[in-house]
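Now for the letters of each chain:
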Amino acid sequence: MLSERELHRYSRHIILDAFGLSAQQKLKSATVLVIGCGGLSHPALQYLNAAGVGTIKWVDADRVDPSNLQRQILFDESDQGRYKVDVAAEKLAKQNPWTHLVPIRSNFNADNALALLEGVDVVIDGCDNFATRYLVNDACIIRGVPFVYGAIFKFSAQVSVFNHQGGPSYRCLYPEPPEAGEMPGCGEIGVLGVVPGLAGSLQALEAIKVITGVGNPLSGKLWCADFLTNVHQVFEIERMEQNFQITQLSDSANYCIFNFESINYDDYLNLKEKCILIDVRSEQEHQQQNIGGINVPVERWPAAFDDLQLDPIIPVILHCKSGIRAKRVAQLSIWNGFQVKVLEGLPL
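If you're wondering where the values come from, they're calculated on a predicted model, not measured in any experiment.

A look at the pairing of strand β1 (residues 31-35)
And step 1. Summarising burial for β1: five of the five residues are buried, a large majority.
And step 2. The alternating pattern of β1 places Thr31, Leu33 and Ile35 on one face and Val32 and Val34 on the opposite face, and all of these are buried.
And step 3. Where β1 lies against strand β2 (residues 55-60), five bridges are found, and the strand directions are parallel. When the bridges of β2 are listed, Val32 appears paired with Ile56.
And step 4. As a crossover connection, the stretch from β1 through helix α4 (residues 41-51) into β2 is right-handed.

Details of α4
Residues three or four positions apart in an α-helix share a direction because the helix packs 3.6 residues into each turn.
And step 1. For α4, a buried count of eight out of 11 residues is recorded, marking the element as mostly surrounded by other parts of the structure.
And step 2. Among the residues of α4, those classed as buried are Ser41, His42, Pro43, Ala44, Leu45, Leu48, Asn49 and Ala51.

Things to note about the packing of aromatic side chains
Describing an aromatic ring pair means giving the distance of the ring centres and the angle of the ring planes.
And step 1. Per the counting criterion, the structure on display carries 12 aromatic pairs.
And step 2. Where Tyr134 meets Tyr170, the ring centres are 4.9 Å apart and the plane angle is 70 degrees; that geometry is what we call edge-to-face. Taken together, the residues Tyr134 in helix α7 (residues 130-143) and Tyr170 in helix α8 (residues 170-173) connect sequence positions 36 residues apart. With respect to class, Tyr134 is no different from Tyr170; both count as buried.
And step 3. Look at Phe305 and Trp335: their rings are 5.3 Å apart centre to centre, the planes differ by 85 degrees, and that puts the pair in the edge-to-face class. Here Phe305, found in helix α13 (residues 305-308), pairs with Trp335, found in the loop between α14 (324-330) and β13 (340-344); they are 30 residues apart in sequence, far enough to count as distant.
And step 4. In this structure Phe305 comes out as buried when scored by relative accessible area, which is 15%.
And step 5. Put simply, the rings of Tyr134, Phe147, Tyr149, Phe162, Tyr170 and Tyr174 touch in pairs and so form one group of aromatic residues.
And step 6. The ring of Phe130 has Arg133 lying over it, and the distance from NZ or CZ to the ring centre is 5.8 Å.
And step 7. The ring of Phe244 carries the charged tip of Arg239 above its face, separated from the ring centre by 3.7 Å.

Details of the nonpolar core
And step 1. Judged by nonpolar contacts, the single largest core of 42 residues is most densely connected at Val32, Leu45, Leu48, Trp58 and Ile124.
And step 2. Considering every element that reaches this core, the biggest residue donor is helix α10 (residues 194-212), with eight residues.
And step 3. Among residues more than four places away in sequence, those in contact with Leu45 are Val34, Cys37, Ile56, Trp58, Leu74 and Leu92.
And step 4. Counting 31 residues, the second largest nonpolar core, distinct from the first, contains Ala110, Tyr134, Leu135 and Tyr149.

Each value, and the rule that gives it
- Every chain begins its residue count from 1, and numbering advances along the sequence as written.
- Local features are withheld for residues below a pLDDT of 70 in this predicted model, meaning they are given only at 70 or higher, and side-chain atom pairs are given and counted only at 80 or more; totals for whole chains, interfaces and linings count all residues.
- Side-chain calculation: all heavy atoms of the structure are included, whereas hydrogens and water are not.
- Residue exposure (1.4 Å probe, protein chains only): buried if accessible area is under 20% of the type maximum, exposed if over 50%, otherwise partly exposed.
- Think of it this way: any DSSP run of H or I at least four residues long counts as a helix, any run of E at least two long counts as a strand, and we number them from the N terminus.
- For two strands to be treated as a pair, DSSP must find at least two bridges joining them.
- Orient the strands so they point away from the viewer, and a crossover whose first-strand-to-second-strand path over the helix runs clockwise is right-handed.
- Between 30 and 60 degrees the pair is tilted, below 30 it is stacked and above 60 it is edge-to-face, where a pair is any two Phe, Tyr or Trp rings, Trp via its six-membered ring, whose centres lie within 6.5 Å.
- Two limits define a charge over a ring: the Lys NZ or Arg CZ must be within 6 Å of the ring centre, and within 35 degrees of the ring normal.
- Among the buried residues, those of types Ala, Val, Leu, Ile, Met, Phe, Trp, Tyr and Cys that are joined through side-chain atoms within 4.5 Å form a nonpolar core.
- When checking whether two residues touch, look at their non-hydrogen atoms; a contact exists if any pair is within 4.5 Å.

Structural data, given as structure tokens:
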């Protein structure tokens, strides 16, 4: 039941002919899981929280970096270095005292995916890599949970709804992930901050439609937008039954997700003489400023691995400016059996 204050707060929803009190009560009873706490997730979290979704969970293990601030609008300058999920929880709690917020300081991986989906009504995909997205899709198929997909590239965005009421899955759109390093991330090519804001807002709208049954979600449809030219298109996606024969998850080549730890700069200094440091930034970035180590740019992986002839006994520390490129390299299957860590908080 909604309290008098909640009825007043959500009154603009409730007076909508196609929405009403019943849809608002469905929102209050719903649980949403958001994967990641980045540019897509911030507007999604804010709008779902403001709309009155009863329980909102989000999972992320990263800390706030200055490069996040032009698009991750829950953060400000004073939040640098803090865990993203913790900061988001503080900001969202001030926005709406009637929602139950569950920040989860962890990566989304094959070990915890199914447990995190327990009792969830819809998932919002706010991740920034293909490996996690395929894992989200497969876990949602096993649990029977729909998920709202969102992706950005420079000035463009895509949004769709998968695994919903007999509709297609993400693998029906993209059957196999691209080769490692084939698709650059925004840490390498950039992104206009407002683009994930627009896409994430649409993801929140689609999640609300799935929860309430109001309107027609983008199930079986891929919404694409180029915001530089204002060209918007919607493509049909066909369901392929073979993509739903998934019964278990594993850290296989389908995901290429390998567990790795993050290490801060001070701890790295204590291990400096006992590890191998690899800078995965460009040669130009390395030449302009570096903290030593071997320079192997991200686009040269995994081909460069054999040439390095690394000893699996010696820990490997990967780094770039924000950690995004280093994490992509750390997730390659070549590191199976190695001790790999990603360096955070660099003075670069």
